[in-house]
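Structural overview
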Amino acid sequence: MTPTHFTISSAFLLGMMGLAFHRTHLLSALLCLEAMMLALFIALSLWSLQLDATGCSTAPMLMLAFSACEASAGLALLVATARTHGTGHMQALNLLQC
Amino acid sequence: MHPTTLMYTSSLLLMFAVLLYPLLVTFTSLPLNNDWASSHAKTAVKSAFLISLAPLSLFLSTGMEAVTSSWTWMVTTTLDITLSFKFDHYSIIFIPIALYVTWSILEFATWYMHSDPLMNRFFKYLLTFLVAMLILVSANNLFQLFIGWEGVGIMSFLLIGWWHGRADANTAALQAVLYNRVGDIGLILGMAWLATNVNSWDIQQMFILSKDLDMTLPLLGLILAATGKSAQFGLHPWLPAAMEGPTPVSALLHSSTMVVAGIFLLIRMSPLMENNQTALTLCLCLGALTTMFTATCALTQNDIKKIVAFSTSSQLGLMMVTIGLNQPQLAFLHICTHAFFKAMLFLCSGSVIHSLNDEQDIRKMGGLHHLAPFTSSCLTVGSLALTGTPFLAGFFSKDAIIEALNTSHVNAWALTLTLIATSFTAIYSLRVIFFVTMDTPRFLPLSPINENNPAVINPLKRLAWGSIFGGLLVMLNINLFKTPVLTMPAELKLAALAVSILGLLTALELATLTSKQFKVTPLRTPHHFSTSLGFVPAIIHRQIPQLSLLLGQKIASQMVDQTWLEKTGPKAIANATTPLASATSNMQQGLIKTYLTLFLMTLVLVTLISAT
């Protein structure tokens, strides 16, 4: 694969692994989610540049808009967690489980 | 112009000028002297009465009628309205009678309203009312009549609510306006139909052009107008409530002049009604129902003014019956004679009320024929005239009406009701006389009983002469348009007298029972029906608004707020989704790390397998 392709894929994969293997803070998972979004943004932007396809020039902007919605939803959940469980630690979420 | 017409027109013009002159003081800022009411207002009406005797005597000697059309008001393509006055048999006879009665009432009012700081304004209102009534009576086109009609309506409102600090007076004035407005709808309907179909509002043109038309719709409108203005059944509650106004107002407006305006309209338009059997039958049955119902209500009232008010309403029903018999002239005769004795009855009530320190309950009066002999005599004369005692004023009109009723091809139910109402008239009249003048006094000893003031005596005297001789004078000097039936069996001829005497004997018997116990437990239901006025005010003034408000509350709070917004609208979504969300979250165990790790490993595996 091309170096560009490899870079973007590995950035995405690293972000996903960070999301899956986080340890303590919910905020770090959200940050990795943002990193995934960033990788996708760069991929979409380079797509239309590399392939000279002007038709998909708006795709990155749409992507950005939806990721903003998702980031705000995630932050709302973080705030709700902090309110109900007192901390932002991941282990607090299933502390009372058997 | 023919000299007679000139005389008629200039007399009317002079009458208007004389009556409007005292009202001009409103526009000057000069302070009025103490007896302005007596020296200017009453004198103006007296002068107007004397002026009106000139056309009357000319009419009696020549029999000539006239119509004067002067200034053109409006000219449209299809409708012309001019200022026009009709001097016919009806207006020439009615105007002097109305002015005579008004003169007496104004003189009485100088005594009755003596302690009122706004007495001058009261007299101005009465003069304005009188001018509006004269416009109504002398109008030759419906537009001018409508001006007079609305004028008397608004003055009635202002005068009923004279003591506007009293809540009951305000509601009574409002009732008068609302019920009259419902009647006005009928008048406007009639006017609109006539304007579009016979092209005119002039009486002469209407009569000529409507010979072949079906006049049911405009006649129904005119009958509705009469129902509102003359308090026929259905639109009647305002008349007893109008007794909240001062006694001179009750005497002038709500007995002699304003309430007969509706009947007068039907009398003027009677050539339109002659051939329409529907309208005649409607008038007959409506009038019979009114006269019976209001006479029933009058039997158990305890306020002296309310009894006389219901008596007025009953006589108005009798006038409507006469119109339904196709005898407009007899109805007009009854209007004229009724004005005399009814105004006198009201003035006697006013004298009694003031003498007993504003006591209006007949159960707290008594023995006044020793203490106020003149007033009691006038009360008795007035009541005898009302019941149709032979050869007093009421006899000539009332007996003629009952004879016409008995000898016509008429609805038997209407006939029965009218005869029963005639006997009830005797009963409640005797009740008034018994409770007010006879027996022993039931009021406090220190009552300011004083009838020595000439301002009280002279009006009562004048109206008493009118109640005794008025019917005879009018009957002797007019020509009857329709030939009355003069031969009938003796029973029919004496029917009116017989039922009145029957009522009188019944009432005398009942009067002796006031101090005995006839039954252990009396039958209360008919008494309740009569005392609560047939439940009509209770239903229309209370029950129907309560139902409307209840319906409004149900729609606003229960239907809109509770049902549409909470149960089936936005809140329904919230109420339905919350159980689903909590069920789903109960199913999840919260092991996020495990879930995400598994997700990642599955993703990597799928990528590797699909890559090979």
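Residues numbered from 1 in each chain as written. Chains lettered and ligands numbered in written order. Predicted model: local features only at pLDDT ≥ 70, side-chain atom pairs only at ≥ 80, totals over all residues. Heavy atoms only, no water.

Chain B carries the name NADH-ubiquinone oxidoreductase chain 5 in an unreviewed UniProt entry, which gives Gadus morhua as its organism. Taken from UniProt, the Sequence similarities (unreviewed entry) comment for chain B reads in full: "Belongs to the complex I subunit 5 family." (UniProt positions renumbered as here; feature names shortened; annotations may be inferred.)

Per an unreviewed UniProt entry, the recorded name for chain A is NADH-ubiquinone oxidoreductase chain 4L, and the organism is Gadus morhua. Regarding chain A, the UniProt comment filed under Catalytic activity (unreviewed entry) reads as follows: "a ubiquinone + NADH + 5 H(+)(in) = a ubiquinol + NAD(+) + 4 H(+)(out)". For the record of chain A, the UniProt heading Sequence similarities (unreviewed entry) holds the text "Belongs to the complex I subunit 4L family."

Here we take up the overall build of chain B. Helices and strands together make up the secondary structure of chain B, namely 26 helices and two strands. In terms of overall size, chain B is more extended than a compact globule, its C-alpha atoms giving a radius of gyration of 33 Å where 612 residues would be expected to give roughly 25 Å. Across the 612 residues that make up chain B, the buried fraction comes to 53%. For chain B, long-range pairs separated by at least 24 residues make up 81% of all intrachain contacts whose partners lie at least 6 apart in sequence. Approximately 27700 Å² of chain B is accessible, and the part contributed by carbon and sulfur atoms is 68%. (Helix = DSSP H or I, 4+ residues; strand = E, 2+ residues; numbered from the N terminus. Rg over C-alpha atoms; globule rule 2.2 N^0.38 Å. Buried < 20%, exposed > 50% of the residue type's maximum accessible area, 1.4 Å probe, protein only. Contact = heavy atoms within 4.5 Å. Areas by Shrake-Rupley, 256 points an atom, 1.4 Å probe, with all protein chains shown as cover.)

Low pLDDT marks regions whose predicted coordinates should not be analysed in detail. Residues and elements named next belong to chain B. On average, residues of chain B score 92 in pLDDT, and 100% of them are at 70 or above. Within chain B, the lowest mean pLDDT, 84, falls on helix H25 (residues 570-587), and the highest, 96, falls on helix H8 (residues 216-229). Quick note on the complex model: pTM equals 0.80, ipTM equals 0.72. (pLDDT = per-residue confidence, 0-100.)

The next subject is the environment of Ala195(B). Along the chain, Ala195(B) turns up in helix H6 (residues 167-197). Distance from Ala195(B) to Lys86(B), taken between C-alpha atoms, is 19 Å for residues 109 residues apart in sequence.

For chain B, the assigned domains read domain 1 (3-516) and domain 2 (556-611). Centre-to-centre separation of domain 1 of chain B and domain 2 of chain B, based on C-alpha positions: 82 Å. (Domains from an automatic or database assignment.)

Residues and elements named next belong to chain B. Inspection of every chain in the model, using the stated rule, returns 26 aromatic pairs over all chains. Taking the centre distance of 6.4 Å and the plane angle of 45° together, the rings of Phe16 and Phe85 count as tilted. With Phe16 in helix H1 (residues 3-20) and Phe85 in strand S2 (residues 80-87), this residue pair connects regions lying 69 residues apart in the sequence. No difference in accessibility class separates Phe16 from Phe85, as the two residues are buried. Here a set of aromatic residues connected by ring pairs shows up, and it is made of Tyr90, Phe94, Phe264, Phe332 and Phe481. Over the face of the ring belonging to Trp36 we find Lys124, whose NZ or CZ atom lies 5.8 Å from the ring centre. (Phe/Tyr/Trp six-rings, centres within 6.5 Å; stacked < 30°, edge-to-face > 60°. Lys NZ or Arg CZ within 6 Å of the ring centre and 35° of its normal.)

Attention now goes to the pairing of strand S1 (residues 66-75) of chain B. All names here are of chain B. In this structure, S1 lies alongside S2, joined through seven bridges in antiparallel fashion. For Met74, the partnering residue across the bridge sits in S2 and is Ile81. Remark: four residues form the turn of the hairpin made by S1 and S2, two consecutive strands paired antiparallel. (Pairing = 2+ DSSP bridges.)

Here we come to the environment of His528(B). Residue and element names in this part refer to chain B. By secondary structure assignment, the location of His528 is in helix H23 (residues 525-531). Residue classification places His528 among the partly exposed residues on the basis of a relative accessible area of 43%. Distance in space between the C-alpha atoms of His528 and Asp88 is 47 Å, their sequence separation being 440 residues.

What follows concerns a nonpolar patch on the surface. A cluster of nonpolar side chains, contributed by Leu13(A), Leu14(A), Met17(A), Phe21(A), Val604(B) and Leu608(B), occupies part of the molecular surface with about 540 Å² of accessible area. Every element with two or more residues in the nonpolar patch is listed here: helix H1 (3-20) of chain A together with helix H26 (592-611) of chain B. Top contributing element to the nonpolar patch by residue count: H1(A), with three residues. Residue placement: Met17(A) occurs in helix H1. The class for Met17(A) is partly exposed, based on a relative accessible area of 34%. (Patch = residues over 30% accessible without salt bridge, like charges linked within 9 Å, V, L, I, M, F, W, Y side chains within 5 Å. Salt bridge = Lys/Arg side-chain N within 4 Å of Asp/Glu carboxyl O.)

With that out of the way, let us pick up the UniProt feature "transmembrane region" (unreviewed entry) in chain A. In this structure's numbering, the residues bearing the UniProt feature "transmembrane region" (unreviewed entry) are residues 6-22, 29-49 and 61-80 of chain A. Helix makes up 88% of residues 6-22 of chain A and strand 0%, and the two end C-alpha atoms of the span are 24 Å apart.

The next subject is the UniProt feature "domain: NADH-Ubiquinone oxidoreductase (complex I) chain 5 N-terminal" (unreviewed entry) in chain B. Residues given the UniProt feature "domain: NADH-Ubiquinone oxidoreductase (complex I) chain 5 N-terminal" (unreviewed entry) here are residues 73-123 of chain B. For residues 73-123 of chain B, helix accounts for 57% and strand for 22%, while the C-alpha atoms at its two ends are 31 Å apart.

Turning next to the packing of helix H13 (residues 277-298) of chain B against helix H19 (residues 412-437) of chain B. Residue and element names in this part refer to chain B. The N-to-C vectors of H13 and H19 enclose an angle of 30°; their axes lie 8 Å apart at closest approach. Looking at the two axes, H13 sits roughly parallel to H19. Our pair here, H13 against H19, has a crossing hand that is left-handed. Between H13 and H19, the contacting residues are Leu284, Cys285, Ala288, Leu289, Thr291, Met292, Ala295, Thr296 and Ala298 on the first element and Trp413, Ala414, Leu417, Thr418, Ile420, Ala421, Phe424 and Tyr428 on the second. (Axes fitted to C-alpha atoms, helices over the stretch in contact; angles between N-to-C directions. Parallel < 35°, antiparallel > 145°, perpendicular 65-115°, else oblique. Left-handed = near helix turned anticlockwise from the far one by under 90°.)

What follows is about the pattern of salt bridges. Residues and elements named next belong to chain B. Enumeration according to the criterion identifies nine salt bridges over all chains in this entry. Here Arg268 and Asp88 are joined by a salt bridge, their closest N and O atoms 2.8 Å apart. Of this pair, Arg268 sits in helix H11 (residues 260-268) while Asp88 sits in the loop between S2 and helix H3 (89-112), and the two are 180 residues apart along the sequence. Side by side, Arg268 and Asp88 carry an identical accessibility label, which is buried. Bridged by salt links that share partners, the residues Glu150, Arg181 and Asp184 form one connected network.

Turning to the interface of chain A and chain B, a few remarks are in order. Each partner contributes residues to the interface: chain A has eleven residues there, and chain B has ten residues. Between chain A and chain B, roughly 970 Å² of surface is buried when both sides are summed, and carbon and sulfur atoms account for 74% of that area. For the interface between chain A and chain B, the tally reads zero salt bridges. Our enumeration of links across chain A and chain B arrives at zero residue pairs in polar contact (both at pLDDT 80 or more). Grouping the amino acids of the side of chain A that touches chain B by side-chain chemistry returns seven nonpolar, three polar and one charged. (Buried area = accessible area lost by both parts, 1.4 Å probe. Polar contact = N/O pair within 3.5 Å; in protein donor to acceptor, adjacent residues only side chain to side chain. Nonpolar A, V, L, I, M, F, W, Y, C, P; charged D, E, K, R; others polar.)

With that out of the way, let us pick up the UniProt feature "domain: NADH:quinone oxidoreductase/Mrp antiporter transmembrane" (unreviewed entry) in chain B. In this structure's numbering, the residues bearing the UniProt feature "domain: NADH:quinone oxidoreductase/Mrp antiporter transmembrane" (unreviewed entry) are residues 139-423 of chain B. Counting secondary structure, residues 139-423 of chain B comes out at 75% helix and 0% strand; the distance between its end C-alpha atoms is 37 Å.

Moving on, we get to the environment of Ile335(B). Within the secondary structure, Ile335(B) is located in helix H15 (residues 328-355). For Ile335(B) and Met319(B), which are 16 residues apart along the polypeptide, the C-alpha to C-alpha distance reads 7.6 Å.

This paragraph deals with unusual backbone geometry. All names here are of chain B. With a phi close to 65°, Asn326 is a non-glycine residue in the positive phi region. Along the chain, Asn326 turns up in the loop between helix H14 (304-324) and H15. With a phi close to 65°, Asp358 is a non-glycine residue in the positive phi region. In this fold, Asp358 is placed in the loop between H15 and helix H16 (368-371). For Asp358, a relative accessible area of 51% corresponds to the exposed category.

Now for H3(B). Here H3(B) spans 34 Å end to end across 24 residues, near enough to the 34 Å set by a 1.5 Å rise per residue. Along H3(B), 24 of the 24 residues are buried, which leaves the element largely enclosed by surrounding structure. (Expected span 1.5 Å × (residues − 1).)

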